Amino acid sequence: MFDWTDLQYFLAVARQGSTLAAARAMSKSQSTVHRRLGELESKLGRPLVKRHPTGYQLTPFGISMLPYAEEVERAVMLFQQHQASVERGEVGVIRLTCPEPIMFRITQSALLDRFHTRHPDLRVEFVMSDTYLDLAKGDADVALRSGDTDDGGLVGRRIADSIWAVYASQSFLEANGKPAAIGEIAKFPIAGLDETMAGHRLVQWLAEVAPHAVITSRNKSIYGLVYAIKSGLGLGALPVALGNAEPDLVQILGPIPELTRAWRILAHPDLRKTPRVSAFFDFIASEIEALKPILSG
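Residues numbered from 1 in each chain as written. Predicted model: local features only at pLDDT ≥ 70, side-chain atom pairs only at ≥ 80, totals over all residues. Heavy atoms only, no water.

Topic: the overall build of the chain
- Assigned secondary structure in the chain consists of 13 helices and twelve strands.
- Against the compact-globule benchmark of 19 Å for 297 residues, the chain has a radius of gyration of 30 Å, which places it well outside the compact range.
- Referenced to the eigenvectors of the C-alpha coordinate spread, the extents of the chain come out at roughly 90 × 45 × 25 Å.
- Buried residues in the chain amount to 42% of all 297 residues.
- A fraction of 71% describes how many contacts in the chain between residues 6 or more apart in sequence connect residues 24 or more apart. (Helix = DSSP H or I, 4+ residues; strand = E, 2+ residues; numbered from the N terminus. Rg over C-alpha atoms; globule rule 2.2 N^0.38 Å. Buried < 20%, exposed > 50% of the residue type's maximum accessible area, 1.4 Å probe, protein only. Contact = heavy atoms within 4.5 Å.)

Structure below.
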């Protein structure tokens, strides 16, 4: 068996075209490059390179062995990268919870691909629920949240704004017309949220601006609200990120300042200090511009 580290010298000569240039690239002496390359050829029993007036060229055998040497180099680099990740603690799964529509928009983007490229030993796993998960109890590691939530025991940072506007389907507008101002929406059928979501800011806002409106559809999720409005059951307010992504919907009023809230990335203070969660927070901080169209529209 040969010393596999000798492959580094073979690759350097193959790439640089001479032992002198290879020595400079590796910060070694030219004699060391000659010796290590010669030892490799001796173990293999065949020459890998041949001296020419213009430098060194690969022999047919060297040409055939080059891609395999490069494969060994890649494997060693991955080995070293994984070792470094283990030492930093950046290994394992990050359980991320967020609203279902945001999960879909994230997975349709290249965001997670970039994260996994930067941290190949970390994997993001979505943990979905109809209600907010308790990060203090370990239901998830990291949350993306907006709105009026009781997150006093968590730490994080603002990453975008949740912006809302009023939408209606084209068929609804053809049949009913549209309001000219927020104060007129009570004259139209409205798609809203179910009583189980009474604490949601949309429910509270509608109670203020259209207390006597006819609610034609009550939904237990924002996704349900999107489909109710698309079906023409009524006009309704939606996050701009979702409403503008639906070709069947028309934005008729807004944005609505009263419904605007901050999008935040959150974690429990103890977990926030761990290397894997810190790595994810740092990545999100570097991707804020890419996140804005996903979260804010």
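Having seen the model, we can carry on.
Some remarks on helix α2 (residues 19–26)
- All of the buried residues along α2 are T19, A22 and A23. Buried positions in α2, seen along its axis, are confined to an arc of 100 degrees and lie on one side of it. Residues of α2 that are exposed and angled more than 90 degrees away from the buried face: R24 and A25.
- Check the buried side of α2 and you find it contacts α1 (6–16), α3 (30–44) and β2 (55–58). (Arc of directions from axis to C-beta.)

Quick word on unusual backbone geometry
- With an omega dihedral of 5 degrees, the bond running from G254 to P255 counts as a cis peptide bond.
- Here P255 lies in the loop between β11 (249–253) and β12 (261–267).
- A positive phi angle, close to 60 degrees, is found at S27, a residue other than glycine.

Details of the packing of helix α6 (residues 111–118) against helix α12 (residues 275–286)
- At a closest axis distance of 11 Å, the pairing of α6 and α12 adopts a crossing angle of 130 degrees. The angle between α6 and α12 falls in the class oblique. Like other packed secondary-structure pairs, α6 and α12 cross with a definite hand, here right-handed. Packed against α6, whose contacting residues are L111, R114, F115 and R118, the element α12 presents A279, F280, F283 and S286 at the interface. (Axes fitted to C-alpha atoms, helices over the stretch in contact; angles between N-to-C directions. Parallel < 35°, antiparallel > 145°, perpendicular 65-115°, else oblique. Left-handed = near helix turned anticlockwise from the far one by under 90°.)

Observations concerning the sheet that holds strand β6 (residues 155–162)
- The five strands are arranged β4-β3-β5-β12-β6 in an open sheet whose pairing can be described as mixed. Edge positions in the open sheet fall to β4 (122–126) and β6, since each of these has one partner strand only. The average angle at which neighbouring strand axes cross in this sheet is 20 degrees, direction not considered.
- Its contacts with the sheet place helix α13 (residues 288–295) against β6 and β12, and it is angled at close to 55 degrees to β6. (Pairing = 2+ DSSP bridges.)

Considering the nonpolar core
- Ranked by internal contacts, the top residues of the largest apolar core, which has 33 residues, are V166, I185, L202, W205, L235, A237 and L238.
- Where this core is concerned, the elements lending two or more residues are β7 (164–169), α7 (170–176), β8 (190–193), α8 (201–209), α9 (222–230), β10 (236–239), α10 (240–243) and β11.
- Not counting chain neighbours up to four residues away, the residues in contact with I185 comprise P179, I190, W205, L206, V209, A210, L235 and L253.
- I102, W263, F280 and I288 belong to the second largest nonpolar core, which has 27 residues in total. (Core = buried A, V, L, I, M, F, W, Y, C linked by side-chain atoms within 4.5 Å.)

A word on the sheet that holds β10
- Read across the sheet, three strands follow the order β10-β7-β11 without closing on themselves; strand pairing throughout is antiparallel. Single-partner strands in this sheet number two, and they are β10 and β11. Taking each pair of neighbouring strands and ignoring which way they run, the sheet shows an average axis angle of 55 degrees.
- The pairing of β7 with β10 spans four bridges and is antiparallel. Bridge pairing links W164 to P239 in β10.
- Relative to the sheet, α9 contacts β7, β10 and β11, its axis offset from that of β10 by approximately 130 degrees.

Observations regarding the pattern of salt bridges
- Applying the stated rule across the entire model yields 13 salt bridges.
- Between D3 and R36 there is a salt bridge; the shortest N-O distance is 3.7 Å. Of this pair, D3 sits in the segment before α1 while R36 sits in helix α3; the two residues are 33 residues apart in sequence, bridging distant segments of the chain.
- Through salt bridges with shared partners, a single network forms among D3, D6 and R36. (Salt bridge = Lys/Arg side-chain N within 4 Å of Asp/Glu carboxyl O.)

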